Amino acid sequence: MSKKYKIAIIGFGNVGQGLAKLLSDKQTLLSEKFGIDISTVAVCDFLKGSVADPDGLDHNELLRHIEEHGNLNKMQTPFSGWDAEETIAKSGADILIELAYTDLKTGEPALSHVKQALSNGMHVSMTNKGPVALAFPELRKLAADNNVQIGIEGTVMSGTPSLSLGNDMLLAAGITKIQGILNGTTNYILCEMEKGLEYQVALDQATDLGYAEADPSGDVDGHDAAAKVVILGNLFMGLDLTLSDIDCTGISAITSKDIENATLENKHWKLIGTVGKTESGFIASVKPEMISKNHPLASISGATNALTYSTEILGDVTIIGPGAGRLETGYAVIEDILAIHKNS
Ligand code: HSE
């Protein structure tokens with residue numbers, strides 16, 4: 001007999017739709033291999049509408065309505081039209097899946113959704129970086145006080161399990177520095193520009209492919225990667241970083257000419273995020289760097305990301321995998337739910 005989890009999804013854009021597709025495709029596998037049955041009892045999206053059914057919504061129907069109508073307004077369900085607050089209060093879900101858009105200045109509205117859910121005794125899984133970069137210690141305490149869990153795997157490197165690698169396996173090895181390519185959109189743009197594409201065309205493609213943020217300036221200005229540096233530094237290096245601590249430069253000033261010059265020198269432009277401890281404190285930065293073809297990060301292409309943990313015991317440990325994408329980020333939510341199940 002599978003353990004049933006009822007989830008409420010807030011935000012039904014790329015990631016929410018990717019998650020719905022995975023829940024439809026992987027239902028049998030999740031039940032047979034892991035003994036869990038995930039039922040989506042509510043979906044709430046500010047623009048696309050809200051639907052709820054305590055007996056579970058049909059994932060394929062949700063996706064069909066989005067494909068055919070661009071919204072959920074025509075879907076026949078016992079309840080509809082709830083806002084996020086009502087969804088959290090009334091859906092009867094065990095887990096809030098917070099996928100609303102990322103605001104790195106205030107964390108809102110996601111931060112309020114997460115606080116409400118934790119206070120109401122719901123577990124939370126979020127791929128939204130805002131609340132994690134801005135308020136994770138407070139959220140972790142709220143979760144502990146309410147005896148529930150928070151999953152944040154998708155906030156760094158989408159479904160590539162970079163945070164669980166750090167947290168579950170490497171923390172005891174003494175992490176001294178973390179460095180890598182932490183944004184899929186910019187890595188995709190830089191690679192496409194090497195192939196001769198104009199910056200704006202490459203950015204439009206990254207948006208179509210579901211890599212870019214709702215506001216892609218967060219990607220190209222480096223703020224998305226900076227939020228990930230904050231998350232990594234705070235989680236694994238005992239730092240208390242905020243976004244203003246990150247020395248941040250994006251890729252928008254890199255021209256086709258710069259890319260050509262790098263190619264002539266057998267080099268690649270990469271947007272590199274770094275956080276490390278120093279004798280005087282810490283370094284934390286996001287910067288475009290021209291790296292030679294034999295550098296370990298030179299071959300990381302498209303929306304792929306890579307992260308190297310430098311540790312006292314093991315030296316460098318690198319994880320490479322998708323950094324963005326609908327299914328790739330939707331999968332991070334499945335990982336969070338599996339972790340909640342394992343630790344409950
Ligand atoms: N916009 C982000 C990226 C999504 O391109 O990496 C994943 O955080």
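Just so we're clear, the structure is a prediction, and the values are computed from it rather than from any experiment.

Trainee: Can you walk me through helix α13 (residues 326-343) in this structure?
Mentor: Side chains that are three or four residues apart share a direction in an α-helix, a result of its 3.6 residues per turn. For α13, built from 18 residues, the straight-helix expectation of 26 Å at 1.5 Å per residue is met to within 8% by its first-to-last C-alpha distance of 26 Å. What α13 keeps buried is the set Thr329, Gly330, Ala332, Val333, Ile334, Glu335, Asp336, Ile337, Leu338 and Ile340.

Trainee: Just checking my understanding: could you explain empty space enclosed by the protein for this structure?
Mentor: Counted according to the given criterion, the structure contains 1 cavity of 30 Å³ or more. One number sums up the size of the largest cavity: a volume of about 30 Å³. Lining the largest cavity are Leu23, Gln27, Leu30, Ile36, Asp37 and Ile38. When contributions to the lining of the largest cavity are tallied by element, the ones reaching two or more residues are α2 (27-34) and β2 (36-45). When residues of the lining of the largest cavity are assigned to their parent elements, the largest contribution, 3 residues, is made by β2. Looking at the lining of the largest cavity, its residues break down into 4 nonpolar, 1 polar and 1 charged.

Trainee: Just checking my understanding: could you explain the site of the ligand for this structure?
Mentor: Taken together, the residues surrounding the ligand are Lys129, Asn183, Gly184, Thr185, Tyr211, Ala212, Glu213, Asp219, Asp224, Lys228, Gly323 and Ala324. Residue Gly184 places a main-chain N or O atom 2.7 Å away from an oxygen atom belonging to the ligand. Residue assignment for the shell around the ligand shows that the elements contributing at least two residues are α8 (184-194) and α11 (223-236).

Trainee: Whenever I open this one, the packing of helix α1 (residues 14-25) against α13 confuses me. Can you help?
Mentor: Pairs of packed helices are described in terms of their axes, by the angle between the two and the distance that separates them. Their axes nearest at 7 Å, the elements α1 and α13 cross at an angle of 70°. Classified by the angle between their axes, α1 and α13 sit roughly perpendicular to one another. As α1 packs across α13, the resulting crossing turns out to be right-handed. Taken together, the residues of α13 that come into contact with α1 (itself represented by Asn14, Val15, Gly18, Leu19, Lys21, Leu22 and Leu23) are Arg326, Leu327, Thr329, Gly330, Tyr331, Val333 and Ile334. In the contact of α1 with α13, the residues fall into 8 nonpolar, 4 polar and 2 charged.

Trainee: Looking at this structure, I do not really get the sheet that holds strand β13 (residues 315-322). What am I missing?
Mentor: Across a sheet, strands are paired by hydrogen bonds formed along the backbone, either parallel or antiparallel in direction. Reading across from one edge, β9-β11-β10-β8-β12-β13 is the order of the 6 strands in this open sheet, with mixed pairing throughout. Of all strands in the sheet, those bounded by a partner on one side alone are β9 (247-248) and β13. Of the pairings in the sheet, the one linking strand β8 (residues 175-181) to strand β10 (residues 267-278) comprises 4 bridges and is antiparallel in character. Residue pairing for β10: Gln179 is matched across the bridge by Thr274.

Trainee: Is there a simple way to explain the packing of aromatic side chains in this structure?
Mentor: For any pair of aromatic rings, the description consists of the separation of the ring centres together with the inter-plane angle of the planes. A full pass over the atoms with the stated rule returns 3 aromatic pairs. Relative to Trp82, the ring of Phe79 lies with its centre 5.1 Å away and its plane at 25°, an arrangement referred to as stacked. Looking at Phe79, the relative accessible area reads 37%, which means it is partly exposed. Overall, the relative accessible area of 13% leaves Trp82 in the buried class. One residue, Lys3, lies across the ring of Tyr5, its end atom 4.9 Å from the ring centre.

Trainee: For this particular structure, what's the right way to read the side chain of Ser158?
Mentor: Along the chain, the position of Ser158 falls in the loop between β7 (150-151) and α7 (162-170). In terms of polar contacts, Ser158 uses its side chain to reach the backbone carbonyl oxygen of Pro322, at 3.0 Å. In this structure, Ser158 is in contact with Glu153, Pro322, Gly323, Ala324, Glu328, Thr329 and Ala332, ignoring residues within four places of it in sequence.

Trainee: Honestly, the pattern of salt bridges in this entry has me stumped. Any pointers?
Mentor: Pairs can form between side chains of opposite charge once their charged atoms are near each other. Applying the stated rule across the entire model yields 14 salt bridges. Lys21 is the salt-bridge partner of Asp25, the closest N and O atoms lying 2.7 Å from each other. Pair noted here: Asp25 and Lys21 are both in helix α1, with a separation of 4 residues, about one helical turn. Residue classification places Asp25 among the partly exposed residues on the basis of a relative accessible area of 47%. In this structure, Lys141 and Asp145 form a salt bridge, with 2.9 Å as the shortest nitrogen-oxygen distance. In this pair, Lys141 and Asp145 both sit in helix α6 (residues 129-145), 4 residues apart, roughly one turn of the helix. Accessibility classification places Lys141 together with Asp145 in one group, the exposed group. Overlapping salt bridges, with partners in common, bring together Lys129, Glu213, Asp224 and Lys228 in one network.

Trainee: Explanation requested: the nonpolar core in the structure shown.
Mentor: Counting residues in each nonpolar core, the largest one holds 68 residues, and the members touching the most others are Ile150, Ile178, Leu232, Phe236 and Val275. With 9 residues, α11 is the single largest residue contributor to this core. Taken domain by domain, this core gets at least three of its residues from each of domain 1 (3-159 + 326-343) and domain 2 (163-322). Look past the residues within four positions of Leu232 in its chain and what remains in contact with it is Val156, Leu163, Ile178, Leu182, Met237, Val275, Leu307 and Tyr309. By size, the runner-up hydrophobic cluster in this structure holds 28 residues, among which are Leu22, Leu23, Leu62 and Ile340.

Trainee: Please clarify how unusual backbone geometry should be interpreted in this entry.
Mentor: Apart from glycine, the bulk of residues carry a negative phi angle, and the bulk of peptide bonds sit in the trans form. That bond from Glu108 to Pro109 is cis: its omega, 5°, falls within 30 degrees of zero. By the secondary structure assignment, Pro109 is in the loop between β5 (95-98) and α5 (110-119). Unlike most non-glycine residues, Met157 shows phi in positive territory, near 65°. In this model, Asn266 sits at a positive phi of 60°, which is unusual for a non-glycine residue. As for its position among the elements, Asn266 is in the loop between α12 (256-264) and β10.

About the cut-offs
Residues numbered from 1 in each chain as written. Predicted model: local features only at pLDDT ≥ 70, side-chain atom pairs only at ≥ 80, totals over all residues. Heavy atoms only, no water. Helix = DSSP H or I, 4+ residues; strand = E, 2+ residues; numbered from the N terminus. Expected span 1.5 Å × (residues − 1). Buried < 20%, exposed > 50% of the residue type's maximum accessible area, 1.4 Å probe, protein only. 1 Å grid on protein atoms, 1.4 Å probe; cavity = no way out; pocket = protein on both sides within 12 Å on 5 of 7 lines; lining within 4 Å. Points joined across faces, edges and corners; volume = space filled by probe spheres on them. Nonpolar A, V, L, I, M, F, W, Y, C, P; charged D, E, K, R; others polar. Near = heavy atom within 4 Å. Polar contact = N/O pair within 3.5 Å; in protein donor to acceptor, adjacent residues only side chain to side chain. Axes fitted to C-alpha atoms, helices over the stretch in contact; angles between N-to-C directions. Parallel < 35°, antiparallel > 145°, perpendicular 65-115°, else oblique. Left-handed = near helix turned anticlockwise from the far one by under 90°. Contact = heavy atoms within 4.5 Å. Pairing = 2+ DSSP bridges. Phe/Tyr/Trp six-rings, centres within 6.5 Å; stacked < 30°, edge-to-face > 60°. Lys NZ or Arg CZ within 6 Å of the ring centre and 35° of its normal. Salt bridge = Lys/Arg side-chain N within 4 Å of Asp/Glu carboxyl O. Core = buried A, V, L, I, M, F, W, Y, C linked by side-chain atoms within 4.5 Å. Domains from an automatic or database assignment.

Purely geometric stuff here, so don't read any function into it on its own.
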